[in-house]
Amino acid sequence: MLKRLLRPISLSAYAGIYIVLTLGLFTLLGWFTLEQLERADRDIRSVQREAAAEEFAQALQQAALRVRTEARGLAEWDEVRQQLAETTYYAYWRGYRMLKSDLLSGHTESAHLYDASGNGLVALGDTGMPRQIEGPNPRVTREDGALHLYVFEPVHGGSGGAVIGYVGLKKAFVPWFIESSRFHYLDEGSLAFSLPEGGQVELEELVSLTDYALRPNPQADAVRGVMETAVVRLALTISVLAVLFYVMQALLLALPLRRLTRDIDQMKHAARPMKMQHGDTFLPIAELEKVRHSLTEYQQKLSEVHSHLDEKNKTLWEMAHHDPLTGSYNRRAFDLDWAKLNDVISGRRIEVAFLLFDCNHFKAINDTYGHQVGDEVIRVLAQCITEGLRKGDRLYRLGGDEFATMLLNCGEQDARRVAERCAERVKAHDFSALGIKEPVRLSIGVSLSAGGDGASLDALHWQADIAMYRAKRPDSPPIQFYREDMGDGADALVSNQVASAVYDVLRHGRDIEMHYQPIIDTATGETEYFEALARIRHGEALLMPGSFLPVIEARRLELEFDAAVLDAILADLAAGLIPSGTGVAINLSGHSVVSPRVLDRLAAFASYRADYNLVLEVTETALIRQLEPATRNLRLAQEQGFRVALDDFGSGYSSLRYLGDMPVDVVKFDITMIEQMARGGERRRMMERIARLITEAGYRLVAEGIETEAVFESIRAAGFHAAQGYLIGRPGRPPQRGRVKGEG
C-alpha cells in the first residue's frame, strides 16, 4: 500500500503538489490574520461603545446641572421675587422681560413663574408650561413628536428665606442637548429616543431609552483597510509566484530532464555510441548540461570497454576453439558443433557427410625428421585440406594428425569430390622442401547420413573411423566410404564409441571405475595389497583396458588418463573402500614415470602413507626408454613412501641387465615366466634359479597369473614372497581380500 502511494510521479506533479500546499497554507494564514483583525476591531468597538455610554451619561448629568443652574440664576433674579410679590404686571413682565432675558439660554421654549403652592402665578393663556409644578427634578416629555425638557427651581425670599414661589423652564431638549454637549465617541446625529408620545421620564433615566451610533474610528478603519489590502496583495503575489514557479520548473527542470531521459533511452537502444546534443532550451542549466556531457563520455568509454571486451572475448574464443598449431578448429569446437548439428538437423532429412582425415605414416615421419618437421607437416596438411573444402566448411583437428569435417547438404558425389580435392592438394604439395623424401598422403574415411535421427548421426564418426582405417590398408584406395560389410569396427584400431568414452573420462572425470585384485603373502596367506586396475563404464558396458588403452596410446593421452586413475584411487581411499592395513598398487605409464608433474600428484597420497602400503607398478619397457628421468622420479617417489614394483619382468630381453640400475623394490614375474615354471623340466629349474637370484639380491618377488594350487605351491617353493591370480582373487569392486584355499 505504502509503495503504491509512494510510486514515482513526475516533477511537474511534485511542483503542483508544492503549489497547492503553499496556497493552502497561505489561505489558512490569511484567514487567521483577517480573523485576528476582526477580533481586534470588535474589541475596539466594544471599548468605544462603553466610552460612548459613559460619555452620554455624563452629558445628561451635565445637561441637568446646566439647566438647573440656568433656572437657579433666573430664580435669584430680583424682578422674579418682585413679580411673585406683585403679580399685576406679570403678563407684561413675562413677555417683555423674562422670556427675553439674557438669563435664559438658547432653545428655551418657554418660562413661567409659580407661587409657593406650585400653581401658575397668573391665569394666562397658553404659556407652553404646565399649570402646576410636577416635580423638582428635570424631566423629559414627548409632546407633538418632540422631546421637551422641564425644570422647576424654587425662589427663596430675602437672604435664603422661605420658598416664595418657583420658576419653570422648558427647553427643546434635543437641539439644546446636542448643542450644549461635546461627544467624542458617539455620533450625536444618530441619537434616537424611544420615549413614547405623552410619556415622561426624569432626565437621567433617559439613558435607558436612548440609542445612538458610534463615531467612525478612522485609525482603526485605516489599519484594517491596510491589512486587508496587504493580505489581498500578498495573495495575488503568492499566486503569481506559484504560477511563475510552476512555469520555471517546467521550463528549467521538467522539460530538460524529460529530454535528458529521452536521450538516455535512445543511448540504451543505439547500435553505436551516440553523442548527446546540448539542450535546446532557451535557458540551459549548467548542471544538466554537465550530466549530459558526462553521460556522453561515459557511454563512449563504456563502448570502448565493450569493444575491448569483445576483442578479448573473440581472442579467447579463438584460442579456446582453435588449434594453435594449424589455426583450424580444435576438439572442443568439434564437440560443440557436433552437438549443434544434432539439434539443427534433428527430425529433418538433411544429408550429412562426415570426413575423417589421417596422414599415412606420420609417426614415422615425425620420429625420422623430428618434431619441428612433423609440426610443419601438420600445418601443411591443415592448409591443403582447408583449401579442398567448400567455402564455409570447417576443419577440425581432433588430435595428432587426425582431422575431420562435417558437410551439410552433401551427398555421396559431393563428398567424394571434396575428399578427392583434399587428397590432390596434399599430393600436389612439395614436401621435399621440408627435407621429407617419402611421399605424404592422406587416408580419408567418409560416412554419410540422409536422415535426421540421432542414431544415424552418432554412428557417423565411428563409421568414418572404420572407413579411414580401411583406407590405410595396403593396396586400398585412399578414400573409402563406409559400407556395412566393413563390419562393426572390430577390425578398426579404435572406434568412435570407445574414443568418446575415453574423452568423457578425461573431460569430466566420470565413468572410470577402479577394480582391485588382491596380492597375498605366500607365507601367511594374508592380503598384502591390491593392484588397482582401470575400467571405463560406458552405458551398460564395462570397457576393459584392451579396448581403451589403444585409444589412449594412439591419442597420446597417457598423462591425462594416469591423472584420472590417481584421482579415482584417491576417491576410493577417501571413501574407505580399500581396507586399512592393506595397500594399493598403482600402474603408471612410461610417460607419467618421466613427467615432473607426477610427483605433485603422488604427494596427494601422503595422508594415507601410515595406513596403507603404497606401490607404484611400472613396466621395464617404460623404464628402459628413458632410464635417467624415470630413475630420478622413482627415487623421489620412494622418498614419499612409495615402493616401486617392476611389472611384467621377463617380457623384455634385457631385464636382468637393467635391474641393477633401476630403483626397484618389488619384481613381478610376467605370467609367461610363471607358465614356464608350470611346465617343469629345465625351464622350471632356470626360472627357479632366476627367482632365487632376485630374492638373494634383496628384491621382493611377486608371481602373477596364479590360477591353480599346484602353480601356487611351486612358486612358494621357489621362494616367491607374494602371489596374484584368479586362484587368489579376481579384480572386483569393492576389493575382496584374497586367500589361497587351505592357507592361513
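These numbers come from a predicted model, not from an experiment. (Residues numbered from 1 in each chain as written. Predicted model: local features only at pLDDT ≥ 70, side-chain atom pairs only at ≥ 80, totals over all residues. Heavy atoms only, no water.)

Before going further, it helps to examine the sheet that holds strand E8 (residues 352–359). One open sheet holds the 5 strands; their spatial order is E9-E10-E8-E11-E12, and the pairing between them is mixed. Edge strands, defined here as strands with exactly one partner in the open sheet, are strand E9 (396–399) and strand E12 (479–481). Geometrically, the sheet is characterised by an average inter-axis angle of 25° between neighbouring strands, direction not taken into account. In this structure, E8 lies alongside strand E11 (residues 442–449), joined through 8 bridges in antiparallel fashion. Bridge assignment links Asp358 to a residue of E11, and that residue is Ser443. Of the strands in this sheet, E8, E9, strand E10 (402–408) and E11 touch helix H10 (residues 371–388), which is tilted by about 15° from E10. Relative to E11, helix H11 (residues 412–428) is tilted by about 165°, and along the sheet it contacts E8, E10, E11 and E12. (Pairing = 2+ DSSP bridges. Helix = DSSP H or I, 4+ residues; strand = E, 2+ residues; numbered from the N terminus. Axes fitted to C-alpha atoms, helices over the stretch in contact; angles between N-to-C directions. Contact = heavy atoms within 4.5 Å.)

With that settled, the discussion passes to the sheet that holds strand E3 (residues 146–156). In spatial order, the strands read E1-E4-E3-E2-E6; together these 5 strands make up an open sheet with antiparallel pairing. Because the sheet does not close on itself, it has two edges, and the strands there are strand E1 (108–115) and strand E6 (200–202). Shown here is a sheet whose adjacent strand axes are inclined to one another by a mean of 25°, direction ignored. Pairing of E3 with strand E4 (residues 163–172) involves 9 bridges; the strand directions are antiparallel. Within E4, the position partnered with Glu153 by the bridge is Val167. On top of the sheet, helix H2 (residues 11–75) reaches E1, E3 and E4; it is set at about 40° to E3, its chief contact.

Our next topic: the nonpolar core. Among the nonpolar cores identified, the biggest contains 73 residues, and Ile569, Phe669, Ile715 and Phe720 are the most heavily contacted of them. A per-element tally of this core places helix H15 (residues 558–574) first, with 8 residues. One finds Val140, Val167, Leu169 and Trp176 within the second-largest nonpolar core, a separate group that totals 39 residues. (Core = buried A, V, L, I, M, F, W, Y, C linked by side-chain atoms within 4.5 Å. Buried < 20%, exposed > 50% of the residue type's maximum accessible area, 1.4 Å probe, protein only.)

With that settled, consider the packing of aromatic side chains. Summed over the entire model, instances satisfying the criterion amount to 20 aromatic pairs. Between the aromatic rings of Phe173 and Phe193, the centroid separation amounts to 5.9 Å while the plane-to-plane angle is 70°, which identifies the pairing as edge-to-face. Within this pair, whereas Phe173 is found in helix H5 (residues 173–180), its partner Phe193 is found in strand E5 (residues 186–193), the two being separated by 20 residues in sequence. Since its relative accessible area comes to 14%, Phe193 is described here as buried. Considering the side-chain rings of Phe605 and Phe642, the 6.0 Å spacing of their centres and the 75° angle between planes classify their relative orientation as edge-to-face. Here Phe605 is found in the loop between helix H17 (597–602) and strand E17 (613–619), whereas its partner Phe642 is found in the loop between helix H19 (627–639) and strand E18 (643–649), with 37 residues between them in sequence. For the residue pair Phe605 and Phe642, the accessibility class agrees, reading buried in each case. (Phe/Tyr/Trp six-rings, centres within 6.5 Å; stacked < 30°, edge-to-face > 60°.)

A word on the pattern of salt bridges. Within the structure shown, the criterion is met by 30 salt bridges. Between Glu528 and Arg643 there is a salt bridge, and its shortest N-O distance comes to 3.4 Å. Taken as a pair, Glu528 in strand E14 (residues 527–538) and Arg643 in strand E18 lie far apart in primary sequence, 115 residues in all. Among the residues examined, Arg643 registers a relative accessible area of 22% and is labelled partly exposed. Note that Arg684 is salt-bridged to Glu688, the shortest N-O span being 2.9 Å. Residue Arg684 and its partner Glu688 are located together in helix H22 (residues 681–696), separated by 4 residues, close to a single helical turn. (Salt bridge = Lys/Arg side-chain N within 4 Å of Asp/Glu carboxyl O.)

Within the secondary structure layout, Ala637 lies in helix H19. For Ala637, the contacting residues outside a window of four places in its chain are Leu599, Leu602, Leu616 and Phe642.

Before going further, it helps to spend a moment on helix H3 (residues 78–85). All of the buried residues along H3 are Glu79, Val80, Gln83 and Leu84. Around the axis of H3, the buried residues are gathered within 145° of arc, so they sit on the same side. (Arc of directions from axis to C-beta.)

Here we come to the state of the cysteines. Within this structure, the stated rule accounts for 0 disulfides. With no disulfide of its own, Cys422 lies closest to Cys384 among cysteine sulfurs, the gap being 9.1 Å. Taking relative accessible area as the criterion, Cys422 reaches 0% and is therefore assigned buried. (Disulfide = S-S within 2.5 Å.)

This next bit is on unusual backbone geometry. With an omega dihedral of 0°, the bond running from Arg733 to Pro734 counts as a cis peptide bond. Along the chain, the position of Pro734 falls in the segment after strand E21 (722–723). The phi dihedral of Asp144 is positive, around 55°, even though this residue is not glycine. Tracing the chain through its elements places Asp144 in the loop between strand E2 (139–143) and E3.

Turning to the pairing of E10, a few remarks are in order. With 6 of 7 residues buried, E10 is to be regarded as a mostly interior element. Bridge count for E9 against E10 is 3 bridges, and the pairing is antiparallel. Note that in E10 the partner of Gly399 across the bridge is Glu402. Connecting E9 to the next strand, E10, in antiparallel fashion are 2 residues, including Gly400 with a positive phi near 55°.

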